[in-house]
2 protein chains.
Amino acid sequence: MITIYGDRISGNCLKVKWTAERLAIPFTWIDVNVVNRETRTETFLAMNPAGQVPTIVLEDGRPLAQSNAIILHLAERSALIPADAYERAKMFEWLFWEQYSHEPTIAVVRFQVKYLGKPRSEVDPALAARAEAALALMDRALSGRQFLVGAQLTLADIALVAYTRFAADGGFDLADYPAVDAWVRRVEHELPIRDPR
Amino acid sequence: MITIYGDRISGNCLKVKWTAERLAIPFTWIDVNVVNRETRTETFLAMNPAGQVPTIVLEDGRPLAQSNAIILHLAERSALIPADAYERAKMFEWLFWEQYSHEPTIAVVRFQVKYLGKPRSEVDPALAARAEAALALMDRALSGRQFLVGAQLTLADIALVAYTRFAADGGFDLADYPAVDAWVRRVEHELPIRDPR
C-alpha cells in the first residue's frame with residue numbers, strides 16, 4: 001500500500017488523495033503539519049530533500065514528490081490521462097501552468113490571509129492581480145466547456161480545482177468567474193470531493 | 001513542420017529548440033521579443049492566451065504552450081523519457097520542481113540583473129537565497145551521478161540545464177556547486193548545445 005504524507009489544508013496534497021480515491025488505489029495518509037515545519041525535520045528531508053508535501057512512499061519504499069508528478073504516476077493507464085496525444089499535451093500544459101501561474105498566486109494569497117492572518121488589504125496588489133488574471137484565463141478557457149481538456153475529467157481538472165475551490169479564502173469571488181464557478185461544482189460532484197471547502 | 005515561437009534569451013524557449021534538434025524534428029523558429037512585449041499582441045494571445053513563449057504550432061495548426069509540456073510532446077516514445085515507470089515519475093518530479101522552485105528564482109534573478117539592469121546588491125535577498133537553495137539541492141542530487149534520472153540524458157536534464165547554465169548572469173557562482181558545474185558541461189556536450197551561454 002502507498003503512504004501519502006500530506007497536510008489537509010494543502011490543495012496540492014488533496015489532489016493526491018482525490019486521485020487515489022477516484023482510482024480506488026488504497027493508501028495510508030500521514031498528517032504532516034506544514035505551519036509547524038514538520039516538513040523540515042531530518043527524517044522528512046531524507047525522504048524529500050525539497051521539504052515539501054505531498055510526498056508519497058511507494059509500496060517498495062521509494063519516495064516520490066511534487067503533487068503533479070505523483071498524480072501522473074498514480075493515474076498511468078487510467079482515463080484521467082487522455083489517450084489522444086494532443087489532448088494529453090494540453091493536459092500537461094494545464095499542469096505546468098498550474099504550478100507556475102496559478103498555485104503561486106491563488107494559493108499564496110489564501111495562505112497569507114487564512115493561515116498567516118494577513119489582512120486582505122495588505123496583500124501585495126501585484127500578486128492579487130496575477131491571481132485574478134489566472135482566474136480570468138480559466139474562465140475564458142472553460143466558457144462553453146464541461147472540463148479543461150476534451151470531454152471528460154482529467155488530471156488537469158483535479159490539479160486546477162485544488163486551489164480554485166479555495167479561492168474565497170483569499171478574498172476572490174468566484175461569482176466574477178461564472179464558468180469557473182460552475183466547473184468547480186462539476187468537478188467536486190464528479191470526483192467526488194468530500195473534503196470541506 | 002512545426003513552428004516554434006521563441007526568444008533566444010529564454011532558457012524555456014531554448015529547451016524546445018534543443019529537444020527538437022536532439023530528436024531531429026524539423027522546425028521553423030520565429031523570434032518573439034519578450035522585453036518588447038511581442039507576446040502581448042492580439043495575434044499572439046489568440047495562439048496562447050497566457051501570452052508566454054515558448055509557444056509552438058503543430059503541423060495541423062494547433063498551438064501548444066508551456067515549455068515542459070512542449071518537450072514532453074516532442075519527445076514522446078523517445079529515449080529522452082525513461083521507459084521505467086519510477087524513473088519516469090522522477091523525471092516528472094524534476095520537471096515540476098524546475099517550474100516551481102528553480103525557474104522562478106534563478107531565471108528571475110538573471111532577468112533582473114542582465115536584462116533589467118538591476119544591480120545585484122538590490123536583488124531581493126530572499127529570492128537570491130531561494131535560488132542558492134535550488135542550486136544546493138541539485139548539487140546534492142547530482143553528487144556521484146552523471147544525469148538527474150537514471151543513467152542517461154532525459155528531459156529532466158534538458159529542462160534543468162536551461163537556466164542553470166545561465167546562473168552566472170544572475171551573479172551565482174557554479175564553482176560553489178561542483179557537481180552541478182560538471183553536469184552542466186556534460187549536458188551541454190551530450191545534447192549538444194551550441195547556443196552561447
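Source: prediction; values computed, not measured. (Residues numbered from 1 in each chain as written. Chains lettered and ligands numbered in written order. Predicted model: local features only at pLDDT ≥ 70, side-chain atom pairs only at ≥ 80, totals over all residues.)

Student: Tell me about the packing of helix α1 (residues 11-22) of chain A against helix α6 (residues 155-164) of chain A, and name the residues and values.
Tutor: Angle between the axes and distance between the axes are the two parameters that describe a pair of packed helices. Residues and elements named next belong to chain A. Packing of α1 against α6 leaves a shortest axis separation of 9 Å and a crossing angle of 135°. With respect to their mutual orientation, α1 and α6 come out oblique. The handedness of the crossing between α1 and α6 comes out as right-handed. Contact residues: α1 offers G11, N12, L14, K15, W18 and T19, while α6 offers I158, A159, A162 and Y163. Taken together, the residues of the contact of α1 with α6 break down into six nonpolar, three polar and one charged. (Axes fitted to C-alpha atoms, helices over the stretch in contact; angles between N-to-C directions. Helix = DSSP H or I, 4+ residues; strand = E, 2+ residues; numbered from the N terminus. Parallel < 35°, antiparallel > 145°, perpendicular 65-115°, else oblique. Left-handed = near helix turned anticlockwise from the far one by under 90°. Contact = placed C-beta atoms within 7 Å. Nonpolar A, V, L, I, M, F, W, Y, C, P; charged D, E, K, R; others polar.)

Student: Break down the interface of chain A and chain B for me, citing the residues and quoting the values.
Tutor: Of the residues lining the interface, 23 residues belong to chain A; the matching set on chain B comes to 23 residues. Looking at the side of chain A that touches chain B, the elements with two or more residues in it are β4 (63-65), α3 (67-74), α4 (85-115) and α5 (125-142) of chain A. At ten residues, the largest contribution of residues to the side of chain A that touches chain B is made by α4 of chain A. The class makeup of the residues in the side of chain A that touches chain B is 14 nonpolar, five polar and four charged.

Student: Tell me about the sheet that holds strand β3 (residues 55-57) of chain B, and name the residues and values.
Tutor: Across a sheet, strands are paired by hydrogen bonds formed along the backbone, either parallel or antiparallel in direction. All names here are of chain B. Ordered in space as β2-β1-β3-β4, the four strands form an open sheet in which the pairing is mixed. One side of each edge strand has no neighbouring strand; the edge strands of this open sheet are β2 (27-31) and β4 (63-65). Sheet twist, expressed as the mean angle between neighbouring strand axes with direction ignored, is 20°. Contacting β1 (2-6), β2 and β3, helix α1 (residues 11-22) crosses the sheet at an angle of about 150° to β1. (Pairing = 2+ DSSP bridges.)

Student: If you had to explain unusual backbone geometry to someone new, which residues and values would you point to?
Tutor: With omega at 0°, the peptide bond leading from V53 of chain B into P54 of chain B counts as cis. With an omega of -15°, the peptide bond running from L191 of chain B to P192 of chain B counts as cis. If you trace the backbone, P192 of chain B turns up in the segment after α7 (178-190). The phi dihedral of R37 of chain A is positive, around 60°, even though this residue is not glycine. You can see R37 of chain A is positioned in the loop between β2 (27-31) and α2 (42-47). A positive phi angle is found at Q66 of chain A, which is not glycine, with a value near 75°. Structurally, the position occupied by Q66 of chain A is in the loop between β4 and α3.

Student: Quick one: what's the story with the packing of helix α5 (residues 125-142) of chain B against α7 of chain B, residue by residue and with numbers?
Tutor: All names here are of chain B. Running from N to C, α5 and α7 point in directions that differ by 75°, and their axes come no closer than 7 Å. Taken together, α5 and α7 sit at an angle that is classed as roughly perpendicular. Taking contact as the criterion, the partners of L135, M138, D139 and L142 in α5 are, on α7, A179, V180 and W183.

Student: Could you give me a rundown of the environment of T28 of chain A, with the residues and numbers involved?
Tutor: Residue and element names in this part refer to chain A. Note that T28 resides in strand β2. Distance in space between the C-alpha atoms of T28 and I2 is 6.4 Å, their sequence separation being 26 residues. Setting aside chain neighbours within four positions, we find T28 in contact with M1 and T3.

Student: Before we move on, can you summarise the environment of L14 of chain A with the specific residues and values?
Tutor: Residues and elements named next belong to chain A. If you trace the backbone, L14 turns up in helix α1. We classify L14 as buried; it has 23 C-beta atoms within 10 Å. As a C-alpha pair, L14 and P104 span 90 residues in sequence and 17 Å in three-dimensional space. For L14, the contacting residues outside a window of four places in its chain are A162 and D195. (Buried ≥ 20, exposed ≤ 12 C-beta atoms within 10 Å, placed from the backbone.)

Student: An account of the pairing of β2 of chain A is needed here, citing residue identities and associated values.
Tutor: Residues and elements named next belong to chain A. Summarising burial for β2: zero of the five residues are buried, a small minority. Relative to β2, strand β1 (residues 2-6) runs parallel, the two being bridged by five bridges. Note that in β2 the partner of I4 across the bridge is W29.

Student: Which residues make up the sheet that holds β4 of chain A, and what are the values?
Tutor: Residue and element names in this part refer to chain A. Taking strand neighbours across the sheet as the criterion, the four strands line up as β2-β1-β3-β4 in an open arrangement whose pairing is mixed. Since the sheet does not close on itself, it has two edges, and those belong to β2 and β4, each with one partner. Strand-to-strand twist of the sheet, defined as the mean angle between neighbouring strand axes without regard to direction, takes the value 20°. In this structure, strand β3 (residues 55-57) lies alongside β4, joined through three bridges in antiparallel fashion. Across the sheet, residue I56 finds its bridge partner in β4, namely L64.

Student: A description of α5 of chain B should follow, citing residues and the corresponding values.
Tutor: The periodicity of an α-helix, 3.6 residues per turn, causes residues three or four positions apart to be oriented the same way. Residue and element names in this part refer to chain B. Taking 1.5 Å of rise per residue, 18 residues should cover 26 Å, and α5 covers 26 Å from first to last C-alpha, within 8% of that figure. When we look at burial in α5, the residues that qualify are A131, A134, L135, M138 and L142. Angularly, the buried residues of α5 cover 90° about the axis, an arc narrow enough to put them on a single face. Those residues of α5 that are exposed and aimed more than 90 degrees away from the buried face are P125, A126, A129 and R140. Where the residues of α5 are buried, they touch α4 (85-115), α6 (155-164) and α7. Downstream of α5 by a residue or two, G144 has a phi angle that is positive, lying close to 80°. (Expected span 1.5 Å × (residues − 1). Arc of directions from axis to C-beta.)

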